[in-house]
Amino acid sequence: MFGWFGKKTDTQTIEKHGQRAGNKRAQAPDRWDAIQALASILTIVKKEGADDRVGAVVAALLARFTFYADPTITDQEEKDFAFRVVLDAGAGGVDAIRAFMKRSEALVWPLKMLDRLLSPEEVVTELLALLEDMDLEYQRDPQRKLQVLHALDERRDPRIAAAARRFLEDVNETARFHAVGAILGQDDAADFRAAVVEALSKEESVRVKDRILEAFSGRGWDLGEARGVIEKQSLPSWSFDKAGIPKRA
């Protein structure tokens, strides 16, 4: 009975400090004290082997990454310290990070955490799981999707190109830009060459066109039967050799 009440009190304490740490309007010293208190609690619950409370501490700390605070140096110091505490939680904090990423618009810091706690393949698995639920339609604030596509753009994995392919038709230009990078940066990019050429023939964005043509030029790929259509587009920075391979003008 005493153990049950102690656990309940610990959970309530974690929640209390988490509310303060994740409060943008709180005074900076109060937020700092709350983050340090959560770090101390983490040390205790890890020794106790209380995995559920390890996750609760991580979840409480993650709330600090949902906003920016002035001055910038204070914001960075608080996040850096909270980041180190989350890493100290180890594998016990991964489920809390995963749950946070499913609902949060702020993915940069959680991704940094996963990169330290999981293998590259496991991180890509998490990113693809997030991408699977995203669509191609207009969004007032598409930042969450853009962060996922940008992260995939920077990674190499045989699953990425197939997952990114449908975003070649996204209504958001930046999403298309990162989808192109995510596909053409992979070892199996040749398997998606026809899909990229088709996207190029419809593309209106200059920087997306440039990214595709730059990749094709570097790989020595021609445009095939789509060359005629693409040459009619406004491409002042590009010319094509006899084989149809794009070259910088």
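The structure presented is a predicted model; accordingly, all values stated were derived computationally and were not measured.

1. Remarks on the overall build of the protein
Line of reasoning, step 1. Scanning the protein from terminus to terminus reveals 13 helices and two strands.
Line of reasoning, step 2. The globule rule puts the C-alpha radius of gyration for 249 residues at 18 Å, and the 23 Å found for the protein is more than 25% above it.
Line of reasoning, step 3. Its C-alpha atoms give the protein principal-axis dimensions of about 80 × 35 × 25 Å.
Line of reasoning, step 4. Long-range contacts, defined here as pairs at least 24 residues apart, represent 62% of the contacts in the protein between residues at least 6 apart.
Line of reasoning, step 5. About 13400 Å² of surface is accessible on the protein, with carbon and sulfur atoms providing 50% of the total.
Line of reasoning, step 6. Averaging the locations of the 38 positively and 42 negatively charged side chains of the protein gives two centres separated by 2 Å.

2. Looking at the pattern of salt bridges
Two side chains that carry opposite charge are able to pair once their charged atoms sit near each other.
Line of reasoning, step 1. The tally for this structure, following the rule as stated, stands at 18 salt bridges.
Line of reasoning, step 2. Its salt-bridge partner being Glu-78, residue Arg-64 comes within 2.6 Å of it at the nearest N-O pair. Here Glu-78 lies in helix H4 (residues 72-89) and Arg-64 lies in the loop between helix H3 (51-62) and H4, a separation of 14 residues in the sequence.
Line of reasoning, step 3. Under the relative-accessibility criterion, Glu-78 is labelled buried at 2%.

3. Section: the packing of H3 against helix H5 (residues 94-103)
Packed helix pairs are characterised by how far apart their axes lie and by the angle those axes make with each other.
Line of reasoning, step 1. At their nearest, the axes of H3 and H5 sit 8 Å apart, and the two run at 40 degrees to each other. Every pair of crossing elements has a handedness; the one defined by H3 and H5 is right-handed. Across from Gly-55, Val-58, Ala-59 and Leu-62 in H3, the residues of H5 making contact are Ala-96, Ile-97 and Phe-100.
Line of reasoning, step 2. Looking at the contact of H3 with H5 residue by residue, the class counts come to six nonpolar, one polar and no charged.

4. Let's talk about the side chain of Arg-176
Line of reasoning, step 1. Its place among the elements puts Arg-176 in helix H10 (residues 173-184).
Line of reasoning, step 2. What makes Arg-176 buried here is its relative accessible area of 14%.
Line of reasoning, step 3. Polar side-chain contacts of Arg-176 include one of 2.9 Å to the backbone oxygen of Asp-170.
Line of reasoning, step 4. In this structure Arg-176 touches Phe-167, Leu-168, Asp-170, Val-171, Glu-203 and Ser-205, once residues within four positions along its chain are discounted.

5. Describing the packing of helix H8 (residues 143-153) against H10
Line of reasoning, step 1. The contact between H8 and H10 brings their axes to 8 Å, and the two run at 25 degrees. When the interaxial angle is binned, H8 and H10 end up roughly parallel. As H8 runs across H10, the sense of the crossing is left-handed. For the pair H8 and H10, contact is made by Leu-146, Leu-149, His-150, Leu-152 and Asp-153 and by Thr-174, Ala-175, His-178, Gly-181 and Ala-182, respectively.
Line of reasoning, step 2. Residue classes in the contact of H8 with H10 are distributed as five nonpolar, four polar and one charged.

6. Notes on the packing of aromatic side chains
Line of reasoning, step 1. On inspection of all chains with the given rule, the structure shows four aromatic pairs.
Line of reasoning, step 2. Taken together, the aromatic side chains of Phe-65, Phe-83 and Trp-109 make up a single cluster linked through ring pairs.
Line of reasoning, step 3. Positioned above the aromatic ring of Phe-177, the side-chain terminus of Arg-207 is 4.2 Å from the ring centre.

7. Some details on unusual backbone geometry
Line of reasoning, step 1. Pro-71 follows Asp-70 through a cis peptide bond whose omega is -5 degrees.
Line of reasoning, step 2. Mapping Pro-71 onto the fold places it in the loop between H3 and H4.

8. Overview of the confidence of the model for the protein
Line of reasoning, step 1. The predicted model of the protein averages 93 in pLDDT, with 96% of residues at 70 or higher.
Line of reasoning, step 2. Counted against residues more than four places away or in other chains, residues 1-9, with its pLDDT under 50, gives two contacts.

9. Describing helix H11 (residues 193-202)
Line of reasoning, step 1. Among the residues of H11, Ala-195, Val-196, Val-197, Ala-199 and Leu-200 are the ones counted as buried.
Line of reasoning, step 2. Where the residues of H11 are buried, they touch H10, helix H12 (206-219) and helix H13 (227-231).

10. Quick word on H12
Because each turn of an α-helix spans 3.6 residues, side chains separated by three or four positions in sequence point in the same direction.
Line of reasoning, step 1. Over its 14 residues, H12 runs 20 Å from end to end, which matches the ideal 20 Å to within 8%, given 1.5 Å per residue.
Line of reasoning, step 2. Listed as buried for H12 are Val-208, Lys-209, Ile-212, Leu-213, Ala-215 and Phe-216. End-on view of H12: buried residues confined to an arc of 160 degrees, all on one side of the axis. Summarising the geometry of H12, the exposed residues directed more than 90 degrees from the buried face are Val-206 and Gly-218.

Quick notes on the rules
Residues numbered from 1 in each chain as written. Predicted model: local features only at pLDDT ≥ 70, side-chain atom pairs only at ≥ 80, totals over all residues. Heavy atoms only, no water. Helix = DSSP H or I, 4+ residues; strand = E, 2+ residues; numbered from the N terminus. Rg over C-alpha atoms; globule rule 2.2 N^0.38 Å. Contact = heavy atoms within 4.5 Å. Areas by Shrake-Rupley, 256 points an atom, 1.4 Å probe, with all protein chains shown as cover. Lys, Arg positive; Asp, Glu negative; His and termini not counted. Charge placed at Lys NZ, Arg CZ, Asp CG, Glu CD. Salt bridge = Lys/Arg side-chain N within 4 Å of Asp/Glu carboxyl O. Buried < 20%, exposed > 50% of the residue type's maximum accessible area, 1.4 Å probe, protein only. Axes fitted to C-alpha atoms, helices over the stretch in contact; angles between N-to-C directions. Left-handed = near helix turned anticlockwise from the far one by under 90°. Nonpolar A, V, L, I, M, F, W, Y, C, P; charged D, E, K, R; others polar. Polar contact = N/O pair within 3.5 Å; in protein donor to acceptor, adjacent residues only side chain to side chain. Parallel < 35°, antiparallel > 145°, perpendicular 65-115°, else oblique. Phe/Tyr/Trp six-rings, centres within 6.5 Å; stacked < 30°, edge-to-face > 60°. Lys NZ or Arg CZ within 6 Å of the ring centre and 35° of its normal. pLDDT = per-residue confidence, 0-100. Expected span 1.5 Å × (residues − 1). Arc of directions from axis to C-beta.

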